[in-house]
Structures are given as structure tokens and as C-alpha cells.
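What follows is each chain in one-letter form.
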Amino acid sequence: HAKNAGRNQYQLYDAAMNARAAERLVLAGDLRKGLEREEFFLAYQPQVCLMTGRITGMEALIRWKHPERGLVSPAEFIPLAEETKLIIPIGEWVLRTACRQNKAWQDAGFPPVCVSVNLSACQFGQPNLVAMIKKILQETGLAPQYLNLEITESITMNNVERAIATMHEINDYGIGISIDDFGTGYSSLNYLKKFPIQTLKIDQSFVRDMTEEHHDVAIPTAIIAMAHSLKLKVIAEGVETEMQQQMLRERGCDEMQGYLISRPLPAPEFEELLHNLPAAEQLLAN
Ligand code: C2E
Ligand code: MG
Ligand code: MG
Ligand code: MG
């Protein structure tokens, strides 16, 4: 009896596994078609100086409008894109689109700011990455100082020395580099000192823990102090409340990003925000 129940359970599990695998396969196919059918777009989230309230930059975040499923979260499709290596053409599309958009805003007369683009570890490992980035900057006419790349600590997993060499190539060209989700990955402080980077982004989980239940401010405080002693800028991610903003400001955090200021917005709405900039800054000044 028990044996039977066990087997049924196993079969159920097995069927669920197969269904999941099949669904992922379908989604991977859709992902491939998505590029051709232009189903992707970018959302932009402002990065704001905690002292002045000014927008100093924006992060470009990919969005996928699936014809049947509607909006699919990058948390769902980016890992799949990485597994299938589709992240290579998708990532190139993201870079080109973000650079082109930033240049268009500059040409329209908005104060120039930096656009941050996320890079996956497997993109970072591509031998032609730097050439591809340079080509896109030339194509779009965006000056290198207005592009920033967000990488995670995981890019160093395979070959640290090579990763550092690539970072140098990027950085020497005038493109800034940030470490994203800082504190969640494999952090060797020893390597951090060797990275040619400019910015650390405090992961949103630590920002949340500052005010929710744990009241744990130790990690953000330590990251800010460490970043500054390494002459790096610190951006807090996922800032949702006034209290989080206040606590980060008190601790000398340089910039923030989060729903408190704005959700990531499609280009036309982000442009609205840029138009209403003086009003937005007023709001923050209090
Ligand atoms: P990330 O780079 O750490 O991006 C920050 C994520 O936090 C974004 O999620 C953003 O929408 C979300 N966020 C911003 N402010 C708040 C807030 O106040 N509260 C909360 N709860 N969340 C906030 P999103 O857009 O869903 O992206 C998730 C992740 O997917 C990104 O994390 C990044 O790792 C990856 N990703 C997104 N776009 C790209 C891309 O173009 N290329 C690559 N390789 N990865 C991307
Ligand atoms: Mg990011
Ligand atoms: Mg992050
Ligand atoms: Mg993240």
C-alpha cells in the first residue's frame, strides 16, 4: 500500500518535472523568436544622488512582452537565455538599444547621464565582448563615459585573471563598471581591491533587512565604509521607503535606486520623468 502511494507520488513528481522541462523548451523557442519579432523592450530606472536628489544615471532593464503570456519577468527568462546562450544576441540587443536611447535623449537636450547595462557572466566570457561594445558605441555615437556595465561577482568564477584583464580593457576605454548585487555572491575582498571598478551596488535584500523585522544595518553600513575606503561609489538598490532612504543617507551612501523614486519605466514614460525633473528633485529635497 505504502509502496504504491510512494510510486504514485514519484510518478506525479516525474510528470511535473517533464512538464516543466517541456515548458522551458517551449519558452526557449519563444525566446529565440522574441528577438526577431521585436518582443523585447527596455525599462529605465533612475539612479538618484542621495545628497542632491539629482538623477545621475539610469539602469536599463530588459522586458519581454510574450504574445500569449504577457510580460515575462527577467528573473524567469534571463537564466533560460543564459543556459541556451541566447543571452549573447539578446545582450547585444540590450546594449545597442540602451546606447541608442541614451544618445537620443542627449541629442534631445536632456542633461547627459550614464546608462547602466547588466552583463551576464557568459557575455563577459565572450572573446569579442570589448570589440562588440566599441562597435556599438561607434555605431550609436554615445561617448564611453555615458555607458556603465553592471557585472556580478560570479564573472570571476572561471578565470579571475582573465576577468580582471577584460575589466581593464573596458575601463581603459572609458566605460565604468559596477558590481551588482554586492554581498550576495562569492566575494573575495582580496580580488575586489584588484578590480578596475567604480561602483558597488548594495543588494536590495540588505536594504530590505535594514527596516524589516531584522533591523539589520550592519551590512549596508559595512559595505558603504568599505566602498569608500576603496574609493568606490555606492548605490543602494531596492529602496522603497523614506526610512530606508534616511538610514542610507545618514550612513553616507552616495546614490539610490528603487520604487521610492520610480519603478523602471518604458522609454516614453522615463522621458516624462526627465521632463518633470525639477519637480521630482523638489520632492526629494525635503
Ligand atoms: P538587477 O540588475 O539587480 O536589477 C534590479 C532589479 O530590482 C530589477 O528587477 C528592478 O526592477 C528591481 N527593483 C528596482 N527597484 C526596486 C524596489 O524598490 N523594490 C523591489 N522589490 N525591486 C526593485 P528586474 O527588472 O525584474 O530584473 C531582475 C534581474 O534580471 C536584474 O537584477 C538582472 O540581474 C537581470 N536583468 C534584467 N535586465 C537584464 C539585461 O538586460 N541583461 C541581463 N544580463 N540581465 C538582466
Ligand atoms: Mg543591475
Ligand atoms: Mg542588483
Ligand atoms: Mg539582481
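Look up a bit, the structure's there.
What counts, and where the lines are drawn
Residues numbered from 1 in each chain as written. Chains lettered and ligands numbered in written order. Predicted model: local features only at pLDDT ≥ 70, side-chain atom pairs only at ≥ 80, totals over all residues. Heavy atoms only, no water. Helix = DSSP H or I, 4+ residues; strand = E, 2+ residues; numbered from the N terminus. Buried < 20%, exposed > 50% of the residue type's maximum accessible area, 1.4 Å probe, protein only. Areas by Shrake-Rupley, 256 points an atom, 1.4 Å probe, with all protein chains shown as cover. Lys, Arg positive; Asp, Glu negative; His and termini not counted. Charge placed at Lys NZ, Arg CZ, Asp CG, Glu CD. Salt bridge = Lys/Arg side-chain N within 4 Å of Asp/Glu carboxyl O. Donors = N, O, S within 2.8 Å, 3.2 Å for Na, K, Ca; no water. Pairing = 2+ DSSP bridges. 1 Å grid on protein atoms, 1.4 Å probe; cavity = no way out; pocket = protein on both sides within 12 Å on 5 of 7 lines; lining within 4 Å. Points joined across faces, edges and corners; volume = space filled by probe spheres on them. Near = heavy atom within 4 Å. Polar contact = N/O pair within 3.5 Å; in protein donor to acceptor, adjacent residues only side chain to side chain. Axes fitted to C-alpha atoms, helices over the stretch in contact; angles between N-to-C directions. Parallel < 35°, antiparallel > 145°, perpendicular 65-115°, else oblique. Left-handed = near helix turned anticlockwise from the far one by under 90°. Contact = heavy atoms within 4.5 Å. Nonpolar A, V, L, I, M, F, W, Y, C, P; charged D, E, K, R; others polar.

Trainee: Mind laying out the overall build of the chain, listing which residues take part and the relevant values?
Mentor: Along the chain, the regular secondary structure elements total twelve helices and ten strands. Counting only C-alpha atoms, the chain reaches 70 × 45 × 40 Å along its principal axes. Scored against the burial criterion, the 286 residues of the chain give a buried share of 45%. Working note: accessible area of the chain is about 14900 Å², and carbon and sulfur atoms make up 53% of it. Both charge centroids of the chain, one from 27 positive and one from 36 negative side chains, sit 5 Å from each other.

Trainee: Pulling in residues and values, what's your account of the pattern of salt bridges?
Mentor: The tally for this structure, following the rule as stated, stands at twelve salt bridges. A salt bridge links Glu-23 to Arg-69, with the shortest nitrogen-to-oxygen separation between them at 3.6 Å. Remark: Arg-69 occurs in the loop between β2 (55-66) and β3 (70-72) and Glu-23 occurs in helix α1 (residues 2-36); sequence separation between them is 46 residues. The class of Arg-69 is partly exposed, set by a relative accessible area of 37%.

Trainee: Quick one: what's the story with the coordination of the magnesium ion (ligand 2), residue by residue and with numbers?
Mentor: Ligation of the magnesium ion (ligand 2) by protein atoms is provided by Glu-59 (OE), Asn-118 (OD1), Glu-150 (OE) and Asp-180 (OD), these donors lying 2.0 to 2.2 Å from the ion. Separation of the magnesium ion (ligand 2) from the magnesium ion (ligand 3) amounts to 4.2 Å, with Asp-180 serving as a shared donor to the pair. Residue Asn-118 is located in strand β4 (residues 114-118), and its partner Asp-180 is located in strand β6 (residues 176-182); the two are separated by 62 residues in the primary sequence. On the basis of relative accessibility, which here comes to 27%, the residue Asn-118 falls in the partly exposed class.

Trainee: Residues and numbers for the pairing of β2, please.
Mentor: Most of β2 is tucked away, with ten of its twelve residues classed as buried. Two strands pair when backbone bridges link them, and strand β1 (residues 40-49) and β2 are joined in this way by nine bridges, in the antiparallel orientation. Counted as the bridge partner of Val-48 is Ile-55 from β2. The hairpin turn running from β1 into β2, its antiparallel successor, is five residues long, and Gly-53 in that turn takes a positive phi close to 80 degrees.

Trainee: So what's going on with empty space enclosed by the protein? Which residues, and what values?
Mentor: Under the definition given, this model contains two cavities of 30 Å³ or more. Of the pockets and cavities examined, the second largest cavity occupies roughly 40 Å³. Lining the second largest cavity are Asn-102, Trp-105, Gln-106, Phe-110, Pro-111, Pro-112, Val-113 and Leu-274. Top contributing element to the lining of the second largest cavity by residue count: helix α3 (residues 87-107), with three residues.

Trainee: Which residues make up the site of ligand 1, and what values do they have?
Mentor: Taken together, 22 residues lie near ligand 1, and Arg-63, Asn-118, Asp-180, Glu-240 and Tyr-259 sit nearest. A distance of 3.0 Å is found between a nitrogen atom of ligand 1 and a side-chain nitrogen or oxygen belonging to Gln-45. Asp-181 is positioned with one of its side-chain polar atoms (N or O) 3.1 Å from an oxygen atom of ligand 1. Notes on ligand 1: free accessible area 800 Å², of which the protein chains cover 82%. Every element with two or more residues in the shell around ligand 1 is listed here: β2, α2 (74-83), α3 and β6. Per element, the largest residue contribution to the shell around ligand 1 is four residues, and it comes from β2.

Trainee: How would you explain the packing of α3 against helix α5 (residues 129-140) if you had to name every residue and give the values?
Mentor: Helix packing for two helices is described by the angle between their axes and how far apart those axes are. In contact at an axis separation of 9 Å, α3 and α5 are set at 30 degrees when each is read in the N-to-C sense. The orientation of α3 with respect to α5, classified from their angle, is roughly parallel. In the crossing of α3 with α5, the sense of the turn from one axis to the other is right-handed. Residues Glu-92, Leu-95, Arg-96, Cys-99, Arg-100 and Lys-103 of α3 touch α5, and the partners they reach there are Met-132, Ile-133, Lys-135, Ile-136, Leu-137, Glu-139 and Thr-140. Among the residues making up the contact of α3 with α5, the classes are represented as six nonpolar, one polar and six charged.

Trainee: How would you explain the environment of Pro-268 if you had to name every residue and give the values?
Mentor: Residue position: Pro-268 is located in helix α11 (residues 267-275). Pro-268 gets classed as exposed once you look at its relative accessible area, which sits at 59%. In this structure the C-alpha to C-alpha distance between Pro-268 and Ala-43, which are 225 residues apart in sequence, comes to 9.6 Å.

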